[in-house]
Amino acid sequence: MARSVTRQRRDAPHRQRATRRFVELCEEIGLPPVRLHDLRHGAATPAHAAGADLEDIQEMLGHSSITITADTYTSLLPEADSSLSRPSG
């Protein structure tokens, strides 16, 4: 699994630079304000909607517990969860 730049405190100056640059780029191209952290949801939500396993999403996001992942993404996309629990056919 790739390490997040947010994993260690010693990376704080790098995180701040990355965040500032992200904001600058969004402003330069006219995107509405968005937090860099929100992009995680922009990856995880469609993965979950497409049927990705919650354990894979947990690993992708670096959540310490499957409960965190499940609580977040099952509440965001209850229709995806209900369709995954129904038998196909």
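Here the structure is shown first, and the text comes after it.
Fair warning: this is a prediction, and the values are worked out from it, not measured in the lab.

Engineer: Pulling in residues and values, what's your account of the overall build of the chain?
Structural biologist: Scanning the chain from terminus to terminus reveals five helices and zero strands. Counting from the amino terminus, helix and strand elements in the chain follow one another as α-α-α-α-α. Every one of the 89 residues in the chain was classed for burial, and the buried ones make up 18%. In the chain, the share of contacts with a sequence separation of at least 24, taken over all contacts with a separation of at least 6, comes to 31%. Of the roughly 6600 Å² of accessible surface on the chain, a fraction of 56% belongs to carbon and sulfur atoms.

Engineer: Residues and numbers for the pattern of salt bridges, please.
Structural biologist: Enumeration over the complete set of coordinates arrives at three salt bridges. Where Asp-38 meets Arg-35, a salt bridge forms, and the shortest distance between an N and an O atom there is 2.6 Å. Residues joined by salt bridges that share partners form a network here, namely Arg-21, Glu-24 and Glu-28.

Engineer: Describe in detail a nonpolar patch on the surface, supporting the description with residues and values.
Structural biologist: Together, Val-34, Leu-36 and Leu-39 give the surface a local cluster of nonpolar side chains, amounting to about 210 Å² of exposed area. Looking at the element boundaries, Val-34 is found in the loop between helix 1 (12–29) and helix 2 (38–49).

Engineer: Before we move on, could you go through the nonpolar core and cite the residues and values that matter?
Structural biologist: Among the nonpolar cores identified, the biggest contains six residues, and these are Ala-44, Leu-54, Ile-57, Leu-61, Ala-70 and Tyr-73. At the level of elements, helix 3 (54–61) and helix 4 (66–76) are the ones that each hand at least two residues to this core. Sorting elements by how many residues they give to this core places helix 3 first, with three residues.

Engineer: If you had to explain the environment of Glu-28 to someone new, which residues and values would you point to?
Structural biologist: The topology assignment puts Glu-28 in helix 1. Overall, the relative accessible area of 57% leaves Glu-28 in the exposed class.

Engineer: I'd like a rundown of a negative patch on the surface, residues and numbers included.
Structural biologist: Taken together, the side chains of Asp-53, Glu-55, Asp-56 and Glu-59 make up a negatively charged region of the molecular surface. With respect to the secondary-structure elements, Glu-55 resides in helix 3. The exposure class of Glu-55 is exposed, given its relative accessible area of 54%.

Engineer: Go over the side chain of His-63 with me, naming the residues and quoting the values.
Structural biologist: Among the structural elements, His-63 can be located in the loop between helix 3 and helix 4. For His-63, the side chain forms a polar contact with the side chain of Arg-40, separated by 3.4 Å.

What counts and how
Residues numbered from 1 in each chain as written. Predicted model: local features only at pLDDT ≥ 70, side-chain atom pairs only at ≥ 80, totals over all residues. Heavy atoms only, no water. Helix = DSSP H or I, 4+ residues; strand = E, 2+ residues; numbered from the N terminus. Buried < 20%, exposed > 50% of the residue type's maximum accessible area, 1.4 Å probe, protein only. Contact = heavy atoms within 4.5 Å. Areas by Shrake-Rupley, 256 points an atom, 1.4 Å probe, with all protein chains shown as cover. Salt bridge = Lys/Arg side-chain N within 4 Å of Asp/Glu carboxyl O. Patch = residues over 30% accessible without salt bridge, like charges linked within 9 Å, V, L, I, M, F, W, Y side chains within 5 Å. Core = buried A, V, L, I, M, F, W, Y, C linked by side-chain atoms within 4.5 Å. Lys, Arg positive; Asp, Glu negative; His and termini not counted. Charge placed at Lys NZ, Arg CZ, Asp CG, Glu CD. Polar contact = N/O pair within 3.5 Å; in protein donor to acceptor, adjacent residues only side chain to side chain.

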